[in-house]
Amino acid sequence: SKPFLIAPSILAADFARLGEEVDNVLAAGADVVHFDVMDNHYVPNLTVGPMVCKALRDYGITAPIDVHLMVKPVDAIIPEFAKAGASMITFHAEASEHIDRSLQLIKEHGCKAGLVLNPATPLHCLDYVMDKLDMILLMSVNPGFGGQKFIPNTLDKLRAVRKKIDESGYDIRLEIDGGVTPDNIAEVAQAGADMFVAGSAIFNQPDYKAVIDKMRAELAK
Ligand code: DX5
Ligand code: ZN
């Protein structure tokens, strides 16, 4: 299996000092920058768009940027994020009328593509697109806000998706997003995740490196 990736969600960062925050969290050992895009339509919150992604690139951030689109519709914004420097783009199954088309659009623009499943979204939407997925993102909270509690059912769902990926033979990352902390990350990894988003667990602590080190220590167990 692939090396574990830790992806801090900038949703919990200090937006007034975003470049510095991202620099600091990468220096603390993060692998990927998780970039939450909310549109006050598909989800009840409003965050940032391609301009801010581009601003991070212009500031000098070279780490992979994982753009999590919580927007509807999705297709029009995909090329904009690709141009703004996104490395990976994921969108919610319910937010696209044509999942296969949206995945192809992401790949045509040179980004890794992934589908996001909400806590209550069934797995069958994955069935005919496994060959087009670089990643699957399972939400372990309902999308829209940071700082929520991990929904325990997600562990069973992770196991089911892990099985599906392994049986497919495709090289697909399994990302988990919502309520991940040093206290549950080992269990989440055992259930099959290999990429971990964490917002409040990292940014609400004064020492980002201490939290990320603790997560890596838990993952090594
Ligand atoms: C929720 C976002 C998450 C969120 C995670 O809609 O997709 O990325 O910021 O935050 P925590 O880790 O605080 O649950
Ligand atoms: Zn997210």
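Residues numbered from 1 in each chain as written. Chains lettered and ligands numbered in written order. Predicted model: local features only at pLDDT ≥ 70, side-chain atom pairs only at ≥ 80, totals over all residues.

As recorded in UniProt, the sites labelled "active site" (unreviewed entry) are Asp 36 and Asp 177. In summary, the annotated positions, though distributed over 142 residues, converge in three dimensions, the widest C-alpha pair being only 10.5 Å. Locating Asp 177 in the fold gives a position in strand β7 (residues 173-177). If we skip the residues at most four places from it in the chain, Asp 177 touches His 68, Leu 137, Met 139, Ser 140 and Val 197. (UniProt positions renumbered as here; feature names shortened; annotations may be inferred. Helix = DSSP H or I, 4+ residues; strand = E, 2+ residues; numbered from the N terminus. Contact = placed C-beta atoms within 7 Å.)

Looking now at the site of ligand 1. Close contacts around ligand 1 come from 21 residues, with Leu 11, Pro 143, Gly 146, Gly 199 and Ser 200 the closest. Looking at the shell around ligand 1, the elements with two or more residues in it are β2 (33-38), β8 (195-198) and α7 (200-203). Partitioned by chemical class, the residues of the shell around ligand 1 number 8 nonpolar, 11 polar and 2 charged. (Near = placed C-beta within 6 Å. Nonpolar A, V, L, I, M, F, W, Y, C, P; charged D, E, K, R; others polar.)

Another point: the nonpolar core. Ranked by size, the top nonpolar core spans 72 residues in total, and within it Val 67, Ala 86, Ile 89, Ile 136 and Phe 196 carry the most contacts. Beyond its immediate stretch of four places on either side in the chain, Ile 89 contacts Val 67, Leu 69, Ile 78, Phe 81, Ile 106, Cys 111 and Ala 113. (Core = buried A, V, L, I, M, F, W, Y, C linked by C-beta atoms within 7 Å. Buried ≥ 20, exposed ≤ 12 C-beta atoms within 10 Å, placed from the backbone.)

Next up on the list: the UniProt feature "binding site: substrate" (unreviewed entry) in the chain. With numbering matched to this structure, UniProt assigns "binding site: substrate" (unreviewed entry) to Ser 9, His 68, Gly 144, Phe 145, Gly 146, Gly 147, Asp 177, Gly 178, Gly 179, Gly 199 and Ser 200. With respect to the element layout, Ser 9 can be found in the loop between β1 (5-8) and α1 (18-27). Judged by the 24 C-beta atoms lying within 10 Å of it, Ser 9 falls in the buried class. If sequence neighbours within four positions are ignored, Ser 9 has contacts with His 34, Asp 36, Gly 146, Val 197, Ala 198 and Gly 199.

Cis geometry is found at the peptide bond from Lys 72 to Pro 73, where omega equals 0°. Inspection of the secondary structure puts Pro 73 in the loop between β3 (65-70) and α3 (77-83). The phi angle at Asn 40 is positive, at roughly 55°, despite the residue not being glycine. Within the secondary structure, Asn 40 is located in the loop between β2 and α2 (50-59).

With that settled, the discussion passes to helix α5 (residues 154-168). Taking 1.5 Å as the rise per residue, α5 with 15 residues should run 21 Å; its terminal C-alpha atoms sit 21 Å apart, in good agreement. A positive phi of about 80° marks Gly 169, the residue just after α5. (Expected span 1.5 Å × (residues − 1).)

Neighbouring strands of a sheet are bound in pairs by backbone hydrogen bonds; such pairs are parallel or else antiparallel. One open sheet accounts for 8 strands, arranged β1-β8-β7-β6-β5-β4-β3-β2; its pairing is parallel. Whereas interior strands pair on both sides, the edge strands pair on one side only; in this sheet they are β1 and β2. Direction aside, the axes of adjacent strands within the sheet are offset by 20° on average. For strand β4 (residues 88-92) and strand β5 (residues 112-117), the ladder comprises 5 bridges, and the chain directions are parallel. Among the inter-strand pairings, Met 88 is bridged to a residue of β5, identified as Lys 112. (Pairing = 2+ DSSP bridges. Axes fitted to C-alpha atoms, helices over the stretch in contact; angles between N-to-C directions.)

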